[in-house]
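Per-entry structural report
The residues making up each chain are set out below.
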Amino acid sequence: MVTQRGLVVFSAMCSAGMLWSAILIAGLFVGWRPVGSGVAVGVAALLTLPGAIAGVIANRLYYRTTDSRRPWSLVSWVPPHVPHWAAMLAGVLFFGFWLAVVVAFAGLDGNAELRNGHYVINNHGRVTTVSQADYERQLDHEQQISLGILGAIAVGGAFMTAAVLTHEPTLKTQAAATNAR
């Protein structure tokens, strides 16, 4: 079971991963690259993935979500104690990261490669020589896709951990916890 303190740490990690991804995606839009792609995506993954996994595990254990859910009903996917505005905010943030991924995919022309000192784009075997600026733009799109996916996962992880952290235990749960001591 994930402890309360652990959930706070994981929630903070997901929030930091979300902020890190959002800042770097915004930076890519304006041409600012403070760190390399490997560092940017690696840090985002280290901040995001443990918290998202903990959020899924905590929700699964805490809410015992074995009942079938209605796919298009918000109430069936969000615990009842979570304020509606919090669920909507999470949805808007998730949509923002999803949109960043879609925009980056739309701008991809193929895989950016460096061959024999030339910048090329390999699109399903068709190799085109490009300028350094076009090459870097393709690398930025690839990084934006990775950061957008990790940012969306961070939104889910922060939401799930926060849902468990803010849940008021029922009298039955409190009695069981008291008897266990």
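First, a word on what this report is: a plain description of the structure on this page. (Residues numbered from 1 in each chain as written. Predicted model: local features only at pLDDT ≥ 70, side-chain atom pairs only at ≥ 80, totals over all residues. Heavy atoms only, no water.)

Section: the pattern of salt bridges
- Counted by the stated rule, this structure contains 3 salt bridges.
- Residue Arg-115 pairs with Glu-113 through a salt bridge whose shortest N-O separation is 2.8 Å.
- Among the salt bridges present, the one from Arg-137 reaches Asp-134, with a minimum N-O distance of 2.3 Å. Of this pair, Arg-137 and Asp-134 both sit in helix α5 (residues 132-165), separated by 3 residues, roughly a single helical turn. (Salt bridge = Lys/Arg side-chain N within 4 Å of Asp/Glu carboxyl O. Helix = DSSP H or I, 4+ residues; strand = E, 2+ residues; numbered from the N terminus.)

Some thoughts on unusual backbone geometry
- One non-glycine residue, Asn-116, adopts positive backbone phi at about 50°.
- Relative to the elements of secondary structure, Asn-116 occurs in the loop between β1 (111-115) and β2 (118-123).
- Of note, His-124 is a non-glycine position whose phi angle comes to about 55°, a positive value.
- Inspection of the secondary structure assignment puts His-124 in the loop between β2 and β3 (126-129).
- Judged by its relative accessible area of 82%, His-124 is exposed. (Buried < 20%, exposed > 50% of the residue type's maximum accessible area, 1.4 Å probe, protein only.)

Examining the sheet that holds β1
- In space, the 3 strands of this open sheet follow the order β1-β2-β3, with antiparallel pairing throughout. Edge strands, defined here as strands with exactly one partner in the open sheet, are β1 and β3. Taking the axes of each pair of neighbouring strands and ignoring which way they run, one obtains an average angle of 35° across the sheet.
- Bridge analysis of β1 against β2 gives 5 bridges, and the strand direction is antiparallel. Pairing of Glu-113 across the sheet is with Val-120, part of β2.
- Seen against the sheet, α5 touches β1 and β2 and runs at an angle of roughly 135° to β1. (Pairing = 2+ DSSP bridges. Axes fitted to C-alpha atoms, helices over the stretch in contact; angles between N-to-C directions. Contact = heavy atoms within 4.5 Å.)

Limitation: the analysis is restricted to geometry and does not speak to function.
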